[in-house]
Amino acid sequence: MKSTCIKPKTAFTLIEMCVVMALLAIMMMIVGAILVGVMQLEGAEAGLRNRNLSIAALSNQFRNDVRASSKVEIIKTENDKGTKLKLESLLGEEIIYTYEKDQFLRRSSQGGQRLLSFSILENVVFNLNEIGQLVEFKLLEKGVYPKSPVRTFSFRAALNGDRK
Amino acid sequence: MNQHSSIKFGKRKGFTLTEIVVSFSILLTLMVVIAQTTFWCFQERLSNDNRFLANQVAINILEEARVTDWEKLDSKWAQSVQNLTHHSALPFDSVIDVKVSPSKEFKLVKDIVVQIRWTSGRNIDPREINLSASFASRILKTEDAK
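So, here is what we can say about the structure in this document. Please read these numbers as outputs of a predicted model, since none were measured by experiment.

1. Re the overall build of chain A
Turning to step 1, where the next piece is worked out: Broken down by element type, chain A carries one helix and eight strands.
Turning to step 2, where the next piece is worked out: Along chain A, from the amino end to the carboxyl end, the secondary structure elements read α-β-β-β-β-β-β-β-β.
Turning to step 3, where the next piece is worked out: A buried classification covers 18% of the 164 residues belonging to chain A.
Turning to step 4, where the next piece is worked out: In chain A, once contacts between residues fewer than 6 apart in sequence are set aside, the share between residues at least 24 apart is 32%.

2. Here we look at the sheet that holds strand β6 (residues 121-128) of chain A
Residues and elements named next belong to chain A.
Turning to step 1, where the next piece is worked out: Spatially, three strands are ordered β6-β7-β8 in an open sheet, and the strand pairing comes out antiparallel. Edge positions in the sheet fall to β6 and β8 (151-158), since each has one partner strand and no second. In this sheet, adjacent strand axes meet at a mean angle of 15° when their direction is disregarded.
Turning to step 2, where the next piece is worked out: In the sheet, strand β7 (residues 134-141) pairs with β8 via eight bridges, with the strands oriented antiparallel.

3. Let's talk about the pairing of strand β2 (residues 83-89) of chain A
Residue and element names in this part refer to chain A.
Turning to step 1, where the next piece is worked out: Where strand β1 (residues 69-76) and β2 come together, seven bridges link them in antiparallel fashion. When the bridges of β2 are listed, Ser 69 appears paired with Ser 89.
Turning to step 2, where the next piece is worked out: In this structure, the hairpin formed by β2 and strand β3 (residues 94-100) is closed by a connection of four residues, where Gly 92 is found at a positive phi of approximately 90°.

4. Observations regarding the packing of helix α1 (residues 14-67) of chain A against helix α1 (residues 17-67) of chain B
Turning to step 1, where the next piece is worked out: α1 of chain B packs onto α1 of chain A with a crossing angle of 10° between their chain directions and a minimal axis gap of 11 Å. Considering the angle they form, α1 of chain A stands roughly parallel to α1 of chain B. Touching Ile 34, Val 38, Leu 41, Glu 45, Leu 48, Asn 52, Ala 56 and Ser 59 of chain A of α1 of chain A are Ile 34, Thr 38, Cys 41, Arg 45, Asn 48, Phe 52 and Gln 56 of chain B, all from α1 of chain B.
Turning to step 2, where the next piece is worked out: Its residues placed into classes, the contact of α1 of chain A with α1 of chain B shows eight nonpolar, five polar and two charged.

5. Some details on the nonpolar core
Turning to step 1, where the next piece is worked out: Grouped together as the largest cluster of nonpolar side chains are 21 residues, with contacts concentrated most on Phe 62, Val 66, Leu 87, Val 135, Phe 137, Ala 157 and Leu 159 of chain A.
Turning to step 2, where the next piece is worked out: Of all the secondary-structure elements, those providing two or more residues to this core are α1, β2, β3, β6, β7 and β8 of chain A.
Turning to step 3, where the next piece is worked out: Residue contacts for Val 66 of chain A: discarding those within four places in its chain leaves Leu 87, Val 135, Ala 157 and Leu 159 of chain A.
Turning to step 4, where the next piece is worked out: Leu 53, Ala 65, Ile 96 and Val 98 of chain B belong to the second largest nonpolar core, which has 14 residues in total.

So, how was this worked out
Residues numbered from 1 in each chain as written. Chains lettered and ligands numbered in written order. Predicted model: local features only at pLDDT ≥ 70, side-chain atom pairs only at ≥ 80, totals over all residues. Helix = DSSP H or I, 4+ residues; strand = E, 2+ residues; numbered from the N terminus. Buried ≥ 20, exposed ≤ 12 C-beta atoms within 10 Å, placed from the backbone. Contact = placed C-beta atoms within 7 Å. Pairing = 2+ DSSP bridges. Axes fitted to C-alpha atoms, helices over the stretch in contact; angles between N-to-C directions. Parallel < 35°, antiparallel > 145°, perpendicular 65-115°, else oblique. Nonpolar A, V, L, I, M, F, W, Y, C, P; charged D, E, K, R; others polar. Core = buried A, V, L, I, M, F, W, Y, C linked by C-beta atoms within 7 Å.

Have a look at this one:
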């Protein structure tokens, strides 16, 4: 007569459990680090997208204002720490762009005051060409990350003046 | 009792090679997918930046055309505005191509086409922009004008 011998299945040992948990922890850490990185990147991307959109809106606003104007004046503020651009439209409206103390403002004699951007700008420069009909708006934007380079944008617009 | 039933449980000492290979393959696939998505994200941003900057440069050139005398809008003027040093924000490998030609439809009208091309970026992205504008003479010329 043969005897049936069934060996009972033992549970996991403490070492096995420790090894599995350690492996799981390492995997979770790796996956978590990747996910955090991706989320940070996505946040930075969203920030950049917003910046680009606001700069595009700013350039459109500037070009529309200049195209509707017939007179322009660039005024340096005290100690050259700020810049002002004064535009006068054919209908008599006066628009002033001011960059001072990290604030870029647009004031209109009809539409009040509007903050265009804050803290993302390194500097703003206005230039006028030799014949005084092309206004350039140079914008130096701070980098998104601490060590990323300053981005430079140049927007030009022609005044609504007499031309040949 | 069945005398012939003999059940043997094998002693499992660890993962088999197949199990390890399969699990690592899954992990590797996941990591590759995440890395690829991140890379595409960067590429997309770069591509958008390039398109935006190129658009702005093309608009700037057309604005320059607006303030230039209509008579002076010719190939010489086109050559002068193609200089990349005036547009430092563009990608380093950009090429600006400006063409001035008389309009085929109207007299005293010139068509200006600004094309900006660059080579960096993915092949699937558009790597050029084209903007065109028509400029009419601002002096009225009549048949009997001297």
